[in-house]
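Each chain, letter by letter, is given below.
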Amino acid sequence: MLGVFWAVLRRDLLLAFRQRGVLVHHLLFFILVVALFPLGTQADSTVLVSVSPALIWMAVLLAALLSLQRLFRPDYEDGTLEQYLLSPEPLALIALAKVAAYWLASGLIFVIASPLLVLLLGVPAGAVPVIMASLLLGTPTLGLVGAIGTALILSLPRAGLLLSLLIFPLYVPVLIFGAGAMRAAIAGLPYAGALYLLGALLALSITAAPWAIAAALRISLE
């Protein structure tokens with residue numbers, strides 16, 4: 001089974017890096033959402049620091065929504081998903097590999113780009129490791145939860161609005177604890193509790209989400 005996991009992971013990563021323009025597009029979208037906010041609001045440095053946790057997480061959510069729509073679509077259109085469904089290997093394992101490749105190609109770049117953006121917003125340098133840790137724990141959860149919604153609407157054309165209605169309510173806990181950890185680190189308050197809760201959400205998502213994704217894919221393909 002591990003061989004299948006690594007094979008799917010490697011295949012999806014190769015396909016993603018062959019389409020580097022799409023990855024750059026998602027990264028630029030994330031950067032522009034954060035960078036244009038100070039220009040549009042003319043807020044002072046105190047306000048920017050106070051809203052930076054919510055701003056970073058909302059930019060991540062919007063960029064994730066933009067990239068999620070292509071998570072299963074190419075494989076659905078060329079028939080690869082049907083072959084996965086007919087395969088004797090667990091569909092949940094294949095789904096987990098696909099989400100892992102999606103996060104490595106799309107979600108990890110948000111974690112890497114976040115230090116520069118938060119420093120530009122005036123966030124103290126001491127809070128940067130906590131911000132990166134919260135994104136490192138939270139963005140995989142966004143990918144796993146978002147993949148469930150993406151799989152459910154796979155057979156529907158132009159269902160981007162429906163996808164946002166499905167997954168945004170499920171993103172609220174990640175947004176609350178992720179922004180809470182950032183806010184606590186900026187204020188010099190204890191932040192470990194929020195990070196622990198993000199880790200618990202990630203563990204729950206890794207355990208349960210692949211099976212939900214597999215069930216949703218079967219529904220869409222039937």
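Here the structure is a predicted model, which is why all the values come from computation and not from measurement.

Caption draft 1: Molecular detail of the overall build of the protein. Within the protein, the regular secondary structure consists of nine helices and zero strands. Mapped in sequence order, the helices and strands of the protein form the string α-α-α-α-α-α-α-α-α. For the protein, the C-alpha radius of gyration of 18 Å lies close to 17 Å, the compact-globule estimate for 222 residues. Across the 222 residues in the protein, those meeting the buried criterion constitute 45%.

Caption draft 2: Broad picture of the UniProt feature "transmembrane region" (unreviewed entry) in the protein. Annotation from UniProt places "transmembrane region" (unreviewed entry) at residues 21-41, 47-68, 100-121, 127-154, 161-182 and 194-217. The span residues 127-154 carries 89% helix and 0% strand; its end-to-end C-alpha distance comes to 39 Å. As annotated, residues 194-217 has a helix share of 100% and a strand share of 0%, and its two end C-alpha atoms lie 32 Å apart.

Caption draft 3: Structural detail: the packing of aromatic side chains. Evaluation of the coordinates by the stated rule reveals three aromatic pairs. Ring centres of Phe-5 and Trp-6 lie 5.5 Å apart, and the angle between their planes is 85 degrees; this geometry places the pair in the edge-to-face category. Note on Phe-5: relative accessible area 14%, which makes it buried. The exposed category is assigned to Trp-6, whose relative accessible area is 52%. Where Phe-168 meets Tyr-171, the ring centres are 6.4 Å apart and the plane angle is 40 degrees; that geometry is what we call tilted.

Caption draft 4: Expanded view of the pattern of salt bridges. Taken as a whole, this structure holds four salt bridges when the rule is applied. As a salt-bridge pair, Arg-11 and Asp-12 come within 2.9 Å of each other at their nearest N and O atoms. The exposure class assigned to Asp-12 is buried, which follows from its relative accessible area of 12%. Residue Asp-75 is joined to Arg-11 by a salt bridge in which the shortest nitrogen-to-oxygen separation is 3.0 Å. Of this pair, Asp-75 sits in helix α4 (residues 73-78) while Arg-11 sits in helix α1 (residues 2-18); the two residues are 64 residues apart in sequence, bridging distant segments of the chain. You can call Arg-11 partly exposed: its relative accessible area is 26%. Taken together, the shared-partner salt bridges connect Arg-11, Asp-12, Asp-75 and Lys-98 into one network.

Caption draft 5: Seen up close, the nonpolar core. Ranked by internal contacts, the top residues of the largest apolar core, which has 69 residues, are Phe-30, Val-34, Phe-72, Leu-135, Ile-213 and Leu-217. Mapped by element, the contributors of at least two residues to this core are α1, α2 (20-41), α3 (45-68), α5 (80-86), α6 (91-120), α7 (128-152), α8 (160-187) and α9 (192-221). Among the elements that make up this core, the one with the highest residue count is α6 (15 residues). Those residues in contact with Leu-135 that sit more than four places away from it in its chain are Ile-56, Trp-57, Val-60, Phe-110, Val-111, Ser-114, Pro-140 and Met-182.

Caption draft 6: Structural view of the confidence of the model for the protein. With 97% of its residues at a pLDDT of 70 or more, the protein has an overall mean of 86. Per-element confidence in the protein is highest for α9, whose mean pLDDT is 92, and lowest for α2, whose mean pLDDT is 80.

Caption draft 7: Here's a closer look at the packing of α1 against α6. It is at 8 Å that the axes of α1 and α6 come closest, and there the two elements cross at 35 degrees. Two packed elements cross with a definite hand, and for α1 against α6 that hand is right-handed. On α6, the residues that touch Val-4, Phe-5, Val-8, Leu-9, Arg-11, Asp-12, Leu-13 and Ala-16 of α1 are Leu-93, Ile-94, Leu-96, Ala-97, Lys-98, Ala-100, Ala-101, Leu-104 and Ala-105. Class assignment of the residues belonging to the contact of α1 with α6 gives a composition of 14 nonpolar, no polar and three charged.

Caption draft 8: Structural detail: the packing of α6 against α7. Taken N-terminus to C-terminus, the directions of α6 and α7 make an angle of 150 degrees; their axes are 9 Å apart at the nearest point. Judged by the angle between their axes, α6 and α7 are roughly antiparallel. Two packed elements cross with a definite hand, and for α6 against α7 that hand is right-handed. Where α6 abuts α7, its residues Leu-96, Val-99, Tyr-102, Trp-103, Gly-107, Leu-108, Phe-110, Val-111, Ser-114, Pro-115, Val-118 and Leu-119 lie against Val-128, Ile-131, Met-132, Leu-135, Leu-136, Thr-139, Pro-140, Gly-143, Leu-144 and Ala-147. Partitioned by chemical class, the residues of the contact of α6 with α7 number 18 nonpolar, four polar and no charged.

Procedures and definitions
Residues numbered from 1 in each chain as written. Predicted model: local features only at pLDDT ≥ 70, side-chain atom pairs only at ≥ 80, totals over all residues. Heavy atoms only, no water. Helix = DSSP H or I, 4+ residues; strand = E, 2+ residues; numbered from the N terminus. Rg over C-alpha atoms; globule rule 2.2 N^0.38 Å. Buried < 20%, exposed > 50% of the residue type's maximum accessible area, 1.4 Å probe, protein only. UniProt positions renumbered as here; feature names shortened; annotations may be inferred. Phe/Tyr/Trp six-rings, centres within 6.5 Å; stacked < 30°, edge-to-face > 60°. Salt bridge = Lys/Arg side-chain N within 4 Å of Asp/Glu carboxyl O. Core = buried A, V, L, I, M, F, W, Y, C linked by side-chain atoms within 4.5 Å. Contact = heavy atoms within 4.5 Å. pLDDT = per-residue confidence, 0-100. Axes fitted to C-alpha atoms, helices over the stretch in contact; angles between N-to-C directions. Left-handed = near helix turned anticlockwise from the far one by under 90°. Nonpolar A, V, L, I, M, F, W, Y, C, P; charged D, E, K, R; others polar. Parallel < 35°, antiparallel > 145°, perpendicular 65-115°, else oblique.

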